[in-house]
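The lines below spell out each chain.
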Amino acid sequence: MIIHDEIVEVKPQQVGDNIFSLDIPTDSIIVRQLDKWRKQVDWQEAMLGDGQTVYELYDEDEREELRHFVSEEYLKNTILTTEKETPHRWDKGDTNFVELNPFLDFHKVAHSAIKDYLKIEGYEYDKPSGCHWYPPSGFMGWHSNADVGGYRVYCVYASEDKKSFFRIRDSKTKEVITQWDKKGWNFRMFLCNNTTPDNYAWHSIYSDTNRISVGFCYQKEE
């Protein structure tokens, strides 16, 4: 990892066949910019969305049932059993989160933090991806993003340590990898493969704390 003139250059560290970690210093301009963006968001206003209830706060007994939708068992016994019948299936199952529009002017601070100050060795920036707020008991069920291939970089802020996770199926070993978020900012990159169903990057998210994520699409350099 190299920092010069505020640009942060990182080499992705491979964790699995289709997932990588990014070592971005906590004192870098990237984290400072992302924190500036996070602190400016009116989360109560975001929670209201269009005036309708956009998420539910479940009690502990209900959360046990929710965790089933992001479990390895649910992936194997429910999602993958229909994979060959619907090879381009993009299935989020149930969800419970607040979706923020990543293209609003308000989020330009977050976009700038990555587009202008992060250089990933061997990859080039493409465009913004998803932007979400997961309140406690928030989750996104298994999905593959097989309809839109390419690499995703996600910047994730967790209010508490090891209370939320990102879970992904290794496309080569078929092992399900769970990455718990540490308190503060977490950075990861993964490949959404859309060549064959057997290589799909099935992944899911669950949180028992306030968790925000902002994503970006990347492509391999020619």
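Details of the structure are given in the entry above.
Residues numbered from 1 in each chain as written. Predicted model: local features only at pLDDT ≥ 70, side-chain atom pairs only at ≥ 80, totals over all residues. Heavy atoms only, no water.

### Regarding the nonpolar core
Within soluble globular proteins, side chains that are nonpolar generally end up buried alongside one another. In terms of nonpolar packing, the biggest core is built from 34 residues, with Ile30, Leu34, Trp37, Ile120, Trp185, Phe187 and Tyr218 touching the most fellow members. Broken down by secondary-structure element, the contributors of at least two residues to this core are β2 (7-10), α1 (29-40), α5 (108-115), β7 (118-120), β8 (123-134), β10 (150-158), β13 (184-192) and β15 (211-220). A total of five residues in this core trace back to one element, the largest contributor, which is α1. Other than its neighbours up to four places away in sequence, Ile30 contacts Val8, Ile24, Ala113, Ile114, Tyr117, Leu118 and Phe187. Ranked by size, the runner-up nonpolar core spans 16 residues in total, among them Leu66, Phe69, Trp142 and Trp202. (Core = buried A, V, L, I, M, F, W, Y, C linked by side-chain atoms within 4.5 Å. Buried < 20%, exposed > 50% of the residue type's maximum accessible area, 1.4 Å probe, protein only. Helix = DSSP H or I, 4+ residues; strand = E, 2+ residues; numbered from the N terminus. Contact = heavy atoms within 4.5 Å.)

### Describing the sheet that holds β13
Pairing within the open sheet is antiparallel, and its seven strands lie in the order β3-β4-β13-β10-β15-β8-β6. Sheet topology places β3 (13-14) and β6 (98-99) at the edges, where each strand pairs with a single neighbour. Where β10 and β13 come together, nine bridges link them in antiparallel fashion. Looking at β13, one finds that Tyr157 is bridged to Trp185. Most of the contacts of α1 go to β13, to which it runs at about 105°, and overall it touches β8, β10, β13 and β15. Each of β8, β10 and β15 touches α5; the most contacted strand, β15, lies at about 45° to it. (Pairing = 2+ DSSP bridges. Axes fitted to C-alpha atoms, helices over the stretch in contact; angles between N-to-C directions.)

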